[in-house]
Amino acid sequence: WETFQDKNSCAMLLLCVLIFCGFRFVMSEEKLISVDFEIFGNVQGVCFRMYTEDQGRALGLGGWVKNTRQGTVIGQIQGPAQQVNSMKLWLKNVGSPSSRIDRAVFSNERDISKLEVQGFSTCY
């Protein structure tokens, strides 16, 4: 504080810091969303669920993934909209190394006030 010429300079600096910190806090409060998915193609027997679980955890999402009797993979992802959208792109375009994704269907997208699913897991 001794380096500033007067008290007004100190007050102005403190005000700027508080405004900046408040702005960052507000911007970090992202909207949370939940979305269901179903992935079609060669997605069973190719570690698709394991890679999906790993990717969901890497993005800090909550959710689950499961094989269906119809040969698809279904699940739900929850978290900040930006990370959920990244996961949707991954599910649609990447998947596991040995998978072949023909189609990804996303449904029931909705806003949530808090995560309803903690962590990311495989259901059997």
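What you see is a predicted model, and the numbers here were worked out from it, not measured in a lab. (Residues numbered from 1 in each chain as written. Predicted model: local features only at pLDDT ≥ 70, side-chain atom pairs only at ≥ 80, totals over all residues. Heavy atoms only, no water.)

**Side note on the nonpolar core**
Step number 1: Counting residues in each nonpolar core, the largest one holds 18 residues, and the members touching the most others are Phe37, Ile39, Phe48, Ile77, Met87 and Leu91.
Step number 2: Elements supplying a minimum of two residues to this core: strand E1 (32-42), strand E3 (73-80) and helix H3 (81-93).
Step number 3: The element best represented in this core is H3, accounting for 5 residues.
Step number 4: Apart from residues no more than four positions distant in its own chain, Phe48 is found in contact with Ile39, Val43, Val73, Leu91, Gly95, Ser96, Ser99 and Ile101. (Core = buried A, V, L, I, M, F, W, Y, C linked by side-chain atoms within 4.5 Å. Buried < 20%, exposed > 50% of the residue type's maximum accessible area, 1.4 Å probe, protein only. Helix = DSSP H or I, 4+ residues; strand = E, 2+ residues; numbered from the N terminus. Contact = heavy atoms within 4.5 Å.)

**A few points about the sheet that holds E3**
Step number 1: Taken in spatial order, the 5 strands line up as E4-E1-E3-E2-E5 in an open sheet, and their pairing is mixed. Strands at the two margins of the open sheet, each flanked by one partner only, are strand E4 (100-112) and strand E5 (120-122). When strand polarity is set aside, the average angle formed by the axes of neighbouring strands in this sheet is 15°.
Step number 2: The pairing of E1 with E3 spans 8 bridges and is classified as antiparallel. The residue of E3 that forms the bridge with Asp36 is Gln76.
Step number 3: Contacts from helix H2 (residues 48-58) reach E1, strand E2 (62-67), E3, E4 and E5, with the element oriented near 170° to E5. (Pairing = 2+ DSSP bridges. Axes fitted to C-alpha atoms, helices over the stretch in contact; angles between N-to-C directions.)

**A look at the pattern of salt bridges**
Step number 1: Across all of its chains, the model carries 5 salt bridges by this definition.
Step number 2: Measuring nitrogen to oxygen at the nearest pair gives 2.9 Å for the salt bridge that ties Arg100 to Asp102.
Step number 3: Taking the relative accessible area as the measure of exposure, Arg100 reaches 46% and is therefore partly exposed.
Step number 4: Taking the shortest distance from any N to any O, the salt bridge between Glu116 and Arg110 comes out at 2.7 Å.
Step number 5: Residue Arg110 is classed as partly exposed on the basis of its relative accessible area, which comes to 37%. (Salt bridge = Lys/Arg side-chain N within 4 Å of Asp/Glu carboxyl O.)

**Quick look at the UniProt feature "active site" (unreviewed entry) in the protein**
Step number 1: Mapped onto the present numbering, the UniProt feature "active site" (unreviewed entry) falls on Arg49 and Asn67. Over a stretch of 19 residues, the named residues converge on one spot in the fold, their C-alpha atoms separated by at most 7.7 Å.
Step number 2: Here Arg49 shows up in helix H2.
Step number 3: In this fold, Asn67 is placed in strand E2.
Step number 4: Look at Asn67 and you get partly exposed, because its relative accessible area is 23%.
Step number 5: The residues touching Asn67, leaving out its near neighbours within four places in the chain, are Gln44, Arg49, Thr72 and Val73. (UniProt positions renumbered as here; feature names shortened; annotations may be inferred.)

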